[in-house]
Each structure stands twice: as structure tokens, then as C-alpha cells.
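Here is how the chains run, residue by residue.
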Amino acid sequence: MEFFTYFYKDEIERYFFQKPQTFTKYSNRELLSYGLGATLYMPATRPNIHQDILSKKHEGLTSLVIDLEDAVGDNEVYKAEALLISELLKLYEEVNKGFLSYGDLPLMFIRIRSLEQLKRVTEQLEDATKLLTGVVLPKFSAENGEELLEVIRKIHSEEHPFYAMPILESASVIQKETRMEELMKIKQLLDLYKDHILNVRIGATDFCGLYGIRRSADTTVYEIAVLRDCISDIINVFQRFDSPYVVSGPVWEYFSTKKRMLKPQLRQTPFRERYGDEGLKWRAKLIDENMDGLFREILMDIANGLTGKTIIHPSHIKIVQALNVVSYEEYIDAINIVKAATGEIGVMKSKFANKMNEIKPHYFWAKKILLKSQLYGVLHEQFTNIDLIKKEVYV
């Protein structure tokens, strides 16, 4: 698996100072936790999932979640389970025929409803469970989490890793009077199983639902006050310098074109300065397709230290991945900070003469940038993330 496989080789050479590296479910967990990119959710009731994977239907897809929870009606659960098992067994058969290897597969997860369902599905899949990178655990809590994580620990092996991705989306997490106590209990539980935790995910839709809120395509999660405060506390607990967890951005649920109610959120200046009138034209295309809110929310995710994003439409894949590529300036600053962390100096001027790099305060940031750069790559100095989006999405 590799980001930007839809670019030609000469385009990779043109845009990237450091090329994206390949990765699989067998990669080092710390590195792999940064590699989910745009994680596409699809309902388990969807037919021909194995054919979509074999044919690489969704260009650029590196991770997907087959959903047995909210995307499946309560009356369809057993039908969805049967279809999921059938599809994965068909895919397993194709892998065994040698048409592709485990390393060629996107990172695949199933989102389960309960401990009983997890046991039931994995027992029926038997060896086909090896296709999966792990499971997504919705409405994860300190109360229900330990038994789930214990089952995952037993499935996991060095030969075939199997990870958990808990979703924080319950009332006890977002309600202010219980939030910090619950988050600390969850953190303490995850610490016991940290080698089996790939990502911590944020269930923005469920959180909003508890308050009767649904954000529009013009509104990012950071503009919903109760959600912003909760995300802030999740970051505070799980992304401290001594924490081993990567937190990913919450779902973006819009993809259809509708008449706009609010002023577009994408500033004209970066597009005009980079591409002139042509830049303003494809900025307008982003806006017409309700992509400007997604664009802005991803930038806010990154600014808040989140990596990757849950998506529900393949048109989002390339935007999420392009915006997560590391810039040349970030990379050089990170390299120099790590190199200088010998105790001999405390601060130095950036090579770009536009900032001061303080070794101790910026060291943790630098380490994260270097991990991210291995998977997403590093742009040449003359290019920006906008260039990647324009090249492949809005030409």
C-alpha cells in the first residue's frame, strides 16, 4: 500500500522531495498509526465489496471500514453479517489463488456492535480474519472496553497483527460533568493494551446527535462549541508528549451539491497568488461541490495535531491525503530540530529565516512530522499541498 499511486512516476519525481514509502498491516505499529489517511466507511450490506477491493475501484484508497453498526438497520444485522462474511471469504479465496497478497490490500477494518458480534464474526471468518487489520470499536468506554480489547489481544499475532481503533462518541465522554474522569479511565485502559491500539477516533456525528445538532456543509466541527470543547479535551488526554496514540479527524459527511447558505470558507488569496484567474476557477469548483468545508476542516484537524480522517465518499480521498503531505519547510525544520537535540544548544534560527526553532518544545512535533513524512512524503520546496489537489482532483 502506498499513497499517491495514481500519480505517474515522473509526477512523483516532480512534486516530491521525499517519496511516500510503501506500508502494509505488517509495518511497525507506531508508523502504521499515521498511515490510515482517508478512511472510507461503507455499510456491510453493500454487495460486491470484494470485487471493489480486487479491482481497486476507489483510486487512492488505503484504508476502509466495513460497518456493521450505525450504517446497518437493526433489522438487517444478521443479513449484514452473513454478507460481510461471504465477501471476505471470497476475497480470502482470491488472495490464496495468488491474485494479490496481504500486502496489496488496503488496511481493512470492521466496525462491530458488540463483544458477541466480534466473537461471532471472527469465529465464522476463521483464517480469513487475517485479511483484516483490525476492528473499530464504537461507543468505546472504560466499562465495556476491557473485554473487547482482551479478545483483540488474543487474535493478534506477530505473523498477522490485529488492532483496535476505539471511537470516543458516548454521552459520558462529551458531557462535561463526566468527561475528564471517563477520558482518564479510557486512557488508563488503553495503556494496558497500547501495543494493540492503532488509532483513537472521534465520533462527531454521535456526539452531535446527543444534542440534537447536525452541522451543515458550511460548518466545521471546530465551530460547534460543545464538540470543539470535547475534541480539545480528547487531544489533551491522548496526544500528550508521553502518549503513544494518534488521534484521527472526525467524519466529514457531505458530498452532494446544494445551494449555499453561507459565505464560502476558502480564502481567494492562496488560489489567486498561486494560479491567478485559473486558481479562482477551480476554487469555485471546490465550493460548488461542497468541498470547501472539508478542505477547511482538514486544515483545522492538522493544526490541532490530528492525522487522517473518516470519510463516507470516495471523492474525499485525494483531498484528505494531499493536505496531509509534509511541506519541505516542515520537514527541514523537523530534521534540524532532531539533529540538534544533543543538549548543546537550546534554540536556533530556522534555515528559512522566518522563525526560531526551540529544541525541547518543538522536539515532539518534529518526531511526529518525520513519521508522517515517511508515509505521505515531502513536497519539493516550490510546491504546496494545493498543487497536489489541483493536479489530480480539479484539473
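Residues numbered from 1 in each chain as written. Predicted model: local features only at pLDDT ≥ 70, side-chain atom pairs only at ≥ 80, totals over all residues. Heavy atoms only, no water.

Asks: Could you give an account of the overall build of the protein, naming the residues involved and the relevant values?
Replies: Along its length, the protein carries 17 helices and twelve strands. Considering only contacts within the protein whose residues lie at least 6 apart along the sequence, 78% involve residues at least 24 apart. (Helix = DSSP H or I, 4+ residues; strand = E, 2+ residues; numbered from the N terminus. Contact = heavy atoms within 4.5 Å.)

Asks: How would you sum up helix H10 (residues 225–238)? Please name residues and give values.
Replies: Along an α-helix, residues three or four apart share an orientation, since each turn contains 3.6 residues. Taking 1.5 Å per residue as the helical rise, H10 with its 14 residues ought to reach 20 Å, and the 20 Å between its terminal C-alpha atoms agrees with that figure. Those residues of H10 lying buried are Leu-227, Cys-230, Ile-231, Asp-233, Ile-234, Ile-235, Val-237 and Phe-238. Contacts made by the buried residues of H10 are with strand E6 (163–168), helix H7 (171–174), helix H8 (176–192), strand E7 (201–202) and helix H9 (204–209). (Expected span 1.5 Å × (residues − 1). Buried < 20%, exposed > 50% of the residue type's maximum accessible area, 1.4 Å probe, protein only.)

Asks: Run through the pairing of strand E3 (residues 63–67), naming residues and quoting values.
Replies: A large share of E3 lies buried, amounting to five of its five residues. Side-chain alternation along E3 places Ser-63, Val-65 and Asp-67 on one buried face and Leu-64 and Ile-66 on a second face that is also buried. Where strand E2 (residues 38–43) meets E3, five bridges bridge the pair, whose relative direction is parallel. Looking at E3, one finds that Met-42 is bridged to Ile-66. (Pairing = 2+ DSSP bridges.)

Asks: Got a sec to walk through the environment of Met-108? Specific residues and values, please.
Replies: Inspection of the secondary structure assignment puts Met-108 in strand E4 (residues 107–111). Judged by its relative accessible area of 0%, Met-108 is buried. Separated by 83 residues in the primary sequence, Met-108 and Lys-25 place their C-alpha atoms 8.9 Å from one another. Sequence-distant contacts of Met-108, that is, excluding residues within four places in its chain, are made with Ile-53, Leu-64, Leu-88, Leu-91, Leu-131, Leu-132, Thr-133 and Gly-134.

Asks: An account of the sheet that holds E4 is needed here, citing residue identities and associated values.
Replies: Reading across from one edge, E7-E6-E5-E4-E3-E2-E9-E8 is the order of the eight strands in this open sheet, with parallel pairing throughout. Looking at which strands have only one partner, the edges of the open sheet turn out to be E7 and strand E8 (249–252). Contacts from helix H6 (residues 145–155) reach strand E5 (134–137) and E6, with the element oriented near 175 degrees to E5. (Axes fitted to C-alpha atoms, helices over the stretch in contact; angles between N-to-C directions.)

Asks: Give me the lowdown on the pattern of salt bridges, citing residues and values where you can.
Replies: In this structure the tally under the stated criterion is 25 salt bridges. Between Lys-97 and Glu-93 there is a salt bridge, and its shortest N-O distance comes to 3.7 Å. Residue Glu-150 pairs with Arg-153 through a salt bridge whose shortest N-O separation is 2.4 Å. Of this pair, Glu-150 and Arg-153 both sit in helix H6, three residues apart, which is roughly one turn of the helix. A cluster of three or more residues bridged by salt bridges with shared partners is formed by Asp-67, Glu-69, Asp-70, Arg-111, Lys-139 and Asp-206. (Salt bridge = Lys/Arg side-chain N within 4 Å of Asp/Glu carboxyl O.)

Asks: Please set out the nonpolar core residue by residue, giving values where relevant.
Replies: Counting residues in each nonpolar core, the largest one holds 112 residues, and the members touching the most others are Leu-131, Leu-149, Ile-234 and Phe-238. Apart from residues lying up to four places away in sequence, Ile-234 is in contact with Leu-168, Val-173, Leu-183, Ile-202, Phe-207, Gln-239 and Val-247. Counting residues in hydrophobic clusters, the runner-up holds 14 residues, among them Tyr-328, Tyr-331, Ala-334 and Ile-359. (Core = buried A, V, L, I, M, F, W, Y, C linked by side-chain atoms within 4.5 Å.)

Asks: Go over the packing of helix H4 (residues 77–96) against helix H5 (residues 115–125) with me, naming the residues and quoting the values.
Replies: Where H4 contacts H5, the axes come no closer than 10 Å and their chain directions differ by 35 degrees. Between H4 and H5 lies a crossing of right-handed hand. In contact with Val-77, Tyr-78, Glu-81, Leu-84, Ile-85, Leu-88 and Leu-89 of H4, H5 contributes Gln-117, Arg-120, Val-121, Gln-124 and Leu-125. Each residue belonging to the contact of H4 with H5 can be placed in one class, and the counts come to eight nonpolar, two polar and two charged. (Left-handed = near helix turned anticlockwise from the far one by under 90°. Nonpolar A, V, L, I, M, F, W, Y, C, P; charged D, E, K, R; others polar.)

Asks: Account for the packing of aromatic side chains, with residues named and values stated.
Replies: How two aromatic rings sit relative to each other is set out by the distance from centre to centre and by the angle between their planes. As enumerated under the stated definition, the model contains 14 aromatic pairs in all. A ring pair is formed by Phe-3 and Phe-23, whose centres lie 5.4 Å apart and whose planes are at 45 degrees; its orientation type is tilted. With Phe-3 in the segment before helix H1 (9–15) and Phe-23 in the loop between strand E1 (16–18) and helix H2 (29–32), this pair connects stretches of sequence that are 20 residues apart. With centroids separated by 4.4 Å and ring planes inclined at 10 degrees, the aromatic side chains of Phe-3 and Tyr-376 adopt a geometry described as stacked. Of the two residues, Phe-3 sits in the segment before H1 while Tyr-376 sits in helix H16 (residues 359–376), which places them 373 residues apart along the sequence. For the pair formed by Phe-3 and Tyr-376, the shared burial category is buried. (Phe/Tyr/Trp six-rings, centres within 6.5 Å; stacked < 30°, edge-to-face > 60°.)

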